[in-house]
Amino acid sequence: MRSRLYQGGDHLLLVQSTGYTEDYKRVAYQNIRYIVVRRTNGREQQAMISGLFLLLIGLLLLAHVPWGVVAVLEFPFFIWFIVNLVRGEACRTYVNTDIQTIELPVPRRINRVPLLIQFLGEKIGAAPPTAVETA
Amino acid sequence: MAAASFECPKCHTELEASPEPAQLECTCPKCDSQLLAWFFPPLFRSRPVGAAATSVIDQSEASCFYHPQKQAAQVCDGCGRLICSLCSVELGAEHLCPTCISAGRRKGKITALEGSRTCYDRIALSLAIVGMVFYAFSIVLAPIAIYVAIRHWNSPGSLLGVSKNRYVIAIIIASLELIGWFFFASAVIFAHK
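Fair warning: this is a prediction, and the values are worked out from it, not measured in the lab.

J.: I'd like a rundown of the overall build of chain A, residues and numbers included.
T.: The helix and strand tally for chain A stands at 3 helices and 6 strands. Going from N to C terminus, chain A has its helices and strands arranged as β-β-β-β-α-α-β-β-α. For 135 residues, the compact-globule estimate of 2.2 N^0.38 gives 14 Å, and chain A exceeds it by more than 25% at 20 Å. Seen through its C-alpha atoms, chain A measures out along the principal axes to roughly 70 × 35 × 20 Å. By sequence separation, contacts in chain A at least 24 residues apart represent 54% of the contacts at least 6 residues apart. Summed over all atoms, the accessible surface of chain A reaches about 7,300 Å², with 64% contributed by carbon and sulfur. The distance from the centre of the 14 positive side-chain charges to the centre of the 10 negative ones in chain A is 3 Å.

Structure follows, in structure tokens:
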């Protein structure tokens, strides 16, 4: 299941795709009551996994594998490790309306949340008085 | 402003919300989740109540098609019937009656109410590609791929925008597979002769 978020004229469109079917959820800007972000330990988990791979591949040096080969193998995990650290704390974002709370597929990092809040603040201020919302 | 609350998304504990400050950082007392919350004005507003339908007093007044004892307040933009404020459903700029809403939803004519769609173009293309990879099955899959592509050529695809490219590619691949079977069958027949 792949989830994507799109901005509409008067609503957010959440698309959950299985590849052959798509489910849609619309959240009218006008109806958004609050956004809740829950900190998760996703960054720590990813750091541990990528760090473990770096360590295991690094152990190949003890088996006299040329350092160039080890460096090439470690490169993608090193990039993953660094990018994960730079992206900041992980989170899950939820949007609430009168009738439902929906988990949004983005943002997954706390330092991206202010962009969403700023965007929604502008949209909620500019949203028309009536809108449609479907579960 | 009315007192309001928000919910911890993990354990669903109700937590107090206040209009000032509009941003709150807290820890859920039940599950210890660290939460950041942003509140928007609709949280502190009372929920809107639908307009009540007014009873017909004079027989000369237009009445609702579905509730003859209620005054007509709108004309349905879908079917043109007179409807009371109870029956009138505001959908964007339109006012529709419940029958038009349900019919539009069933037939997929009201995009704003659509909850899901099937991507037939992807199904047709997948059938054609699977037939190409596992060629023995293509004698069955290729006709199905062509059928799906032609049958659903005009069916609504993804809301995110679609083109007919996948259908065209599926038909081309499936046709080539069938042509391959035709040559194979011809070769077998001529070999026996």
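Additional details are given in the paragraphs that follow.
J.: So what's going on with the sheet that holds strand 5 (residues 91-96) of chain A? Which residues, and what values?
T.: An order of 6(A)-5(A)-4(A)-4(B)-3(B) is seen for the 5 strands of this open sheet, with the pairing classed as antiparallel. Strands at the two margins of the open sheet, each flanked by one partner only, are strand 6 (101-104) of chain A together with strand 3 (23-27) of chain B. When the angles between neighbouring strand axes are averaged without regard to direction, this sheet yields 25°. In this structure, strand 4 (residues 34-39) of chain A lies alongside strand 5 of chain A, joined through 6 bridges in antiparallel fashion.

J.: Kindly report on the interface of chain A and chain B, identifying the contributing residues and their values.
T.: Of the residues lining the interface, 33 residues belong to chain A; the matching set on chain B comes to 36 residues. Where chain A abuts chain B, roughly 3,100 Å² becomes buried across the two surfaces, and 58% of that area is made up of carbon and sulfur atoms. In terms of surface lost to chain B, no three residues of chain A exceed A:Tyr20, A:Tyr24 and A:Arg33, which account for 21% of the buried area on that side. Where B:Glu25 meets A:Arg39, a salt bridge forms, and the shortest distance between an N and an O atom there is 2.6 Å. Our enumeration of links across chain A and chain B arrives at 13 residue pairs in polar contact (both at pLDDT 80 or more). Elements with a minimum of two residues in the side of chain A that touches chain B: strand 1 (2-7), strand 2 (11-17), strand 3 (21-28), strand 4 and helix 3 (113-126) of chain A. Counting residues per element, the side of chain A that touches chain B draws most heavily on strand 4 of chain A, at 6 residues. Partitioned by chemical class, the residues of the side of chain A that touches chain B number 17 nonpolar, 8 polar and 8 charged.

J.: I'd like a rundown of unusual backbone geometry, residues and numbers included.
T.: Each neighbour pair has its own omega, and for A:Val106 with A:Pro107 the value is -5°, a cis peptide bond. The phi torsion at A:His64 lies on the positive side, around 60°, for a residue other than glycine. With respect to the helices and strands, A:His64 occurs in the loop between helix 1 (42-58) and helix 2 (67-87). Even without being glycine, B:Asp32 reaches a positive phi, approximately 65°. Summarising the element assignment, B:Asp32 is placed in the loop between strand 3 and strand 4 (34-39).

J.: I'd love a proper account of the packing of helix 2 (residues 120-133) of chain B against helix 3 (residues 138-151) of chain B, names of residues and values included.
T.: Residue and element names in this part refer to chain B. The N-to-C vectors of helix 2 and helix 3 enclose an angle of 160°; their axes lie 8 Å apart at closest approach. In terms of orientation, helix 2 and helix 3 fall into the roughly antiparallel class. In this structure, helix 2 crosses over helix 3, and the sense of that crossing is left-handed. Side by side, helix 2 and helix 3 meet where Tyr120, Ile123, Ala124, Leu127, Ala128, Val130 and Gly131 of the first sit next to Ser138, Leu141, Ile144, Ala145, Val148 and Ala149 of the second. Residue composition of the contact of helix 2 with helix 3, grouped by class: 11 nonpolar, 2 polar and no charged.

J.: Outline empty space enclosed by the protein, supporting the account with residue identities and numerical values.
T.: Within this structure, the stated rule accounts for 1 cavity of 30 Å³ or more. Taken as a whole, the largest cavity holds about 30 Å³ of empty space. Contributing to the lining of the largest cavity are A:Tyr34, A:Thr101, B:Glu7, B:Cys8 and B:Pro9. Class assignment of the residues belonging to the lining of the largest cavity gives a composition of 3 nonpolar, 1 polar and 1 charged.

J.: Explain the sheet that holds strand 9 (residues 116-118) of chain B to me, using residue names and the numbers behind them.
T.: Taken together, 4 strands build an open sheet; the order of strands is 1(A)-2(A)-3(A)-9(B) and the sheet is antiparallel. Of all strands in the sheet, those bounded by a partner on one side alone are strand 1 of chain A together with strand 9 of chain B. Put simply, the sheet's adjacent strands are angled 20° from each other on average, direction ignored. Both strand 1 of chain A and strand 2 of chain A contribute to a ladder of 6 bridges, which runs antiparallel. Paired with A:Tyr6 across the strands is A:Leu13, a residue of strand 2 of chain A.

Basis of the calculations
Residues numbered from 1 in each chain as written. Chains lettered and ligands numbered in written order. Predicted model: local features only at pLDDT ≥ 70, side-chain atom pairs only at ≥ 80, totals over all residues. Heavy atoms only, no water. Helix = DSSP H or I, 4+ residues; strand = E, 2+ residues; numbered from the N terminus. Rg over C-alpha atoms; globule rule 2.2 N^0.38 Å. Contact = heavy atoms within 4.5 Å. Areas by Shrake-Rupley, 256 points an atom, 1.4 Å probe, with all protein chains shown as cover. Lys, Arg positive; Asp, Glu negative; His and termini not counted. Charge placed at Lys NZ, Arg CZ, Asp CG, Glu CD. Pairing = 2+ DSSP bridges. Axes fitted to C-alpha atoms, helices over the stretch in contact; angles between N-to-C directions. Buried area = accessible area lost by both parts, 1.4 Å probe. Salt bridge = Lys/Arg side-chain N within 4 Å of Asp/Glu carboxyl O. Polar contact = N/O pair within 3.5 Å; in protein donor to acceptor, adjacent residues only side chain to side chain. Nonpolar A, V, L, I, M, F, W, Y, C, P; charged D, E, K, R; others polar. Parallel < 35°, antiparallel > 145°, perpendicular 65-115°, else oblique. Left-handed = near helix turned anticlockwise from the far one by under 90°. 1 Å grid on protein atoms, 1.4 Å probe; cavity = no way out; pocket = protein on both sides within 12 Å on 5 of 7 lines; lining within 4 Å. Points joined across faces, edges and corners; volume = space filled by probe spheres on them.

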